[in-house]
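Notes for the structure review
Below are the chains, spelled out letter by letter.
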Amino acid sequence: LCSFLLGASVAALPLLLGSSPALLAGPGLRGRLALALHVAGVNAALLLLYPRPLYKIAVRACFLGFAFGCGLLLSAGRSAWRHFGWYMCSLSLFHYSEYLVTAINNPRSLSLDSFLLNHSFEYNLAALSSWVEFTLEKLFFPELKQITWLSTVGLLMVIFGDCLRKAAMLTAGSNFNHIVQNEKSDTHTLVTSGVYGWFRHPSYVGWFYWSIGTQVLLCNPICVVGYALASWRFFRERIEEEEITLIHFFGEEYLEYKRKVPSGLPFIKGVKLEL
């Protein structure tokens, strides 16, 4: 948390320099030099504060905090990159909070992978595609990126999705894991309360709408469709895989829960399997 806040302190640079919040969007070298010095200084502080194993965690948290702070700076400006600043804040906070909530909930499963920064090649490719689409459309169709009401709808989707996912993680407690478990532990219980009373897979529902919301926020029409299709397919397969394991773990108890509570994702009913 300290490292994340240290990185996010980049948002205070305009105050220190006596300049406008549009520090990143400006054409001058002063802002760029200030950012470079901030990154170098913060990294040096982390190297002094933490031994090597903890440094690996701290530098990732600091990087996400830095991205969050830069997003705040872009959001405060009046440039065409304002909505991209919203996106940067959303993306960095999502990945950082994945690690933080896992640390609170289930520290035994905590690892560098809990940041989900290396989720998969496909995930990284999807993110890169959205940045490319935003940049190209900003160059050739700049008016498309100035639809504030649409970006606001996307931001609300992002907030809803991330809050639902984190509520699911907190409700599940130590039962939640980023990796589908193939063996049942002694403490593994079937959670059906809270948001799990609304949907069988609230963390996936949250992530689904969060991912689509990021592209609505960016006003990326191509990636909105692409993200919706790719996310739907991924979660359909993930839910079927997970439910086979849950039926194996809990038997009739899970089948009864499955009959009463929907998956939460459109047109996904889960695995079709009876004991």
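Remember, predicted model here, so these are calculated numbers, not experimental data. (Residues numbered from 1 in each chain as written. Predicted model: local features only at pLDDT ≥ 70, side-chain atom pairs only at ≥ 80, totals over all residues. Heavy atoms only, no water.)

What follows deals with the overall build of the protein chain. Within the protein chain, the secondary structure is distributed over 10 helices and 0 strands. Starting at the N terminus, the α and β elements of the protein chain follow one another as α-α-α-α-α-α-α-α-α-α. Whereas a compact globule of 275 residues would reach a radius of gyration of roughly 19 Å, the protein chain reaches 21 Å, a difference of no more than 12%. With the C-alpha coordinates of the protein chain rotated into their principal frame, the extents come out at 70 × 50 × 30 Å. Excluding contacts between residues fewer than 6 apart, the proportion of contacts in the protein chain whose partners are at least 24 apart in sequence is 74%. (Helix = DSSP H or I, 4+ residues; strand = E, 2+ residues; numbered from the N terminus. Rg over C-alpha atoms; globule rule 2.2 N^0.38 Å. Contact = heavy atoms within 4.5 Å.)

This part covers the UniProt feature "transmembrane region" (unreviewed entry) in the protein chain. In this numbering, the UniProt entry assigns the feature "transmembrane region" (unreviewed entry) to residues 34–50, 57–78, 84–101 and 207–230. Between the C-alpha atoms that bound residues 34–50 the distance is 24 Å, and the span itself is 94% helix and 0% strand. Across residues 207–230 one finds 88% helix and 0% strand; the C-alpha atoms that close the span lie 12 Å apart. (UniProt positions renumbered as here; feature names shortened; annotations may be inferred.)

Let us now look at the layout of surface pockets. Reported here for the largest pocket is a volume of approximately 770 Å³. Taken together, 35 residues form the lining of the largest pocket, with Asn177, His178, Ile179, Tyr204 and Glu242 sitting closest to its centre. Only α7 (148–172), α8 (202–217), α9 (221–250) and α10 (252–260) provide two or more residues apiece to the lining of the largest pocket. Of all the elements, α9 adds the most residues to the lining of the largest pocket, at 7 residues. In terms of residue class, the lining of the largest pocket is made up of 16 nonpolar, 14 polar and 5 charged. The computed volume of the second largest pocket comes to approximately 570 Å³. Residue lining of the second largest pocket: 23 residues in total, with Glu122, Tyr123, Ala126, Ala230 and Ser231 positioned closest to the centre. Among the secondary structure elements, those contributing two or more residues to the lining of the second largest pocket are α5 (82–105), α6 (121–140), α8 and α9. (1 Å grid on protein atoms, 1.4 Å probe; cavity = no way out; pocket = protein on both sides within 12 Å on 5 of 7 lines; lining within 4 Å. Points joined across faces, edges and corners; volume = space filled by probe spheres on them. Nonpolar A, V, L, I, M, F, W, Y, C, P; charged D, E, K, R; others polar.)

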